[in-house]
Amino acid sequence: MSTSNASFKNKCVAQVNCIFCENLLCTRGMKAVLLADTEVELFSTDIPPNRTVDFVASCYSTDSCKCKLRDIACLKCGNVVGYHVVAPCKPCLLSCNNGHFWMFNSDAVSTLNRLDATGLNLLLWGDLPELEDSENEESESPSEEECIRWFTVPPPPCSSPKAMVCHGLASNHYQCLTFIHLWSRFIPSM
């Protein structure tokens, strides 16, 4: 596979959620473009999200390339959220790519950039442990400390009624609700 690690190391690591039911799909998402059509933006991950999605229907190929694809759906709500590249075609393998075979459609997911261990900077792909160092997706879930750090950084407030929890870290109301949901695990009165 033709990957240029240097070109992907400075990309932000994103948490990817199902837009239909807010289910957390993965914590190692990367904003990407479709190799066969660079106008199409999507998100990808390098670790199979086995506990959050499952295959639907059978394999298919598109007109733009001969990769064998299979749609994936959210296990919580059943909506199709992306696809898995079951067998990449030779042109795609030879293209500059990030080595990810799990793709999430931009219109089916919402994302939230993760913070590094300090809670002050965005987490970058170059700062993640190598894939073989990670047992599975669950080992990359944000720790309780990371979740708490998300709420102690004081950026400008958002318009949510619970803005004191979100602290404006979300770029939209849905993401703010995700913060509130995560934070409510630590504050029982919410």
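Preceding this paragraph is the structure being described.
Please read all numbers here as calculations on a predicted model, not as lab measurements.

Undergrad: Can you tell me about the environment of N121, naming the residues and giving the values?
TA: Mapping N121 onto the fold places it in the loop between β8 (109–113) and α3 (144–152). Judged by its relative accessible area of 44%, N121 falls in the partly exposed class.

Undergrad: Outline the sheet that holds strand β2 (residues 24–34), listing residues and values.
TA: One key point about sheets: their strands pair by backbone hydrogen bonds, in either a parallel or an antiparallel sense. Across the sheet, which stays open at both edges, the 8 strands sit in the order β4-β5-β6-β7-β3-β2-β1-β8 with antiparallel pairing between neighbours. A single partner strand is all that each edge strand has here, and the edge strands are β4 (53–55) and β8. The sheet shows a mean angle of 40 degrees between the axes of neighbouring strands, taken without regard to direction. Where strand β1 (residues 14–18) lies against β8, 5 bridges are found, and the strand directions are antiparallel. For Q15, the partnering residue across the bridge sits in β8 and is L112.

Undergrad: Could you give an account of the pattern of salt bridges, naming the residues involved and the relevant values?
TA: According to the stated counting rule, one finds 2 salt bridges in the structure shown. Linking D46 and R28 is a salt bridge whose minimum nitrogen-to-oxygen distance equals 2.7 Å. Taken together, the residues D46 in the loop between β3 (37–45) and β4 and R28 in strand β2 connect sequence positions 18 residues apart. Note on accessibility: D46 and R28 belong to one class, buried. A salt bridge links E41 to K31; the nearest nitrogen and oxygen atoms lie 3.5 Å apart. Of this pair, E41 sits in strand β3 while K31 sits in strand β2, placing them 10 residues apart in sequence. For E41, a relative accessible area of 43% corresponds to the partly exposed category. A relative accessible area of 42% means that K31 is categorised as partly exposed.

Undergrad: Can you lay out the nonpolar core for me, pointing to particular residues and giving the numbers?
TA: The biggest cluster of nonpolar side chains holds 14 residues, and the ones touching the most others in it are V16, L25, V81, F104 and V109. For this core, the secondary-structure elements that each account for two or more residues are β1, β2, β5 (68–74) and β7 (102–105). The contact partners of V16, leaving out residues within four places of it in the chain, are N23, L24, L25, C26, G29, F43, F104, V109, S110 and T111. In terms of nonpolar packing, the next biggest core, distinct from the first, is built from 10 residues, A32, C67, V85 and C92 among them.

Undergrad: Lay out the pairing of β2 in plain terms, naming residues and giving numbers.
TA: Bridge analysis of β1 against β2 gives 3 bridges, and the strand direction is antiparallel. Its bridge partner lying in β2, A14 is registered against G29. Linking β1 to β2, which pair antiparallel, is a turn of 5 residues; within it E22 sits at a positive phi near 70 degrees. In the sheet, β2 pairs with β3 via 6 bridges, with the strands oriented antiparallel. By the bridge assignment for β3, V33 is matched with E41. The turn joining β2 and β3, which pair antiparallel and follow one another in sequence, is formed by 2 residues.

Undergrad: Describe in detail unusual backbone geometry, supporting the description with residues and values.
TA: The backbone of E22 shows a phi angle near 70 degrees, a positive value even though the residue is not glycine. Inspection of the secondary structure puts E22 in the loop between β1 and β2. Using a relative accessible area of 40% as the deciding quantity, one classes E22 as partly exposed. Even without being a glycine, A57 presents a positive backbone phi close to 60 degrees. One can find A57 in the loop between β4 and β5.

Rules used in this analysis
Residues numbered from 1 in each chain as written. Predicted model: local features only at pLDDT ≥ 70, side-chain atom pairs only at ≥ 80, totals over all residues. Heavy atoms only, no water. Helix = DSSP H or I, 4+ residues; strand = E, 2+ residues; numbered from the N terminus. Buried < 20%, exposed > 50% of the residue type's maximum accessible area, 1.4 Å probe, protein only. Pairing = 2+ DSSP bridges. Axes fitted to C-alpha atoms, helices over the stretch in contact; angles between N-to-C directions. Salt bridge = Lys/Arg side-chain N within 4 Å of Asp/Glu carboxyl O. Core = buried A, V, L, I, M, F, W, Y, C linked by side-chain atoms within 4.5 Å. Contact = heavy atoms within 4.5 Å.

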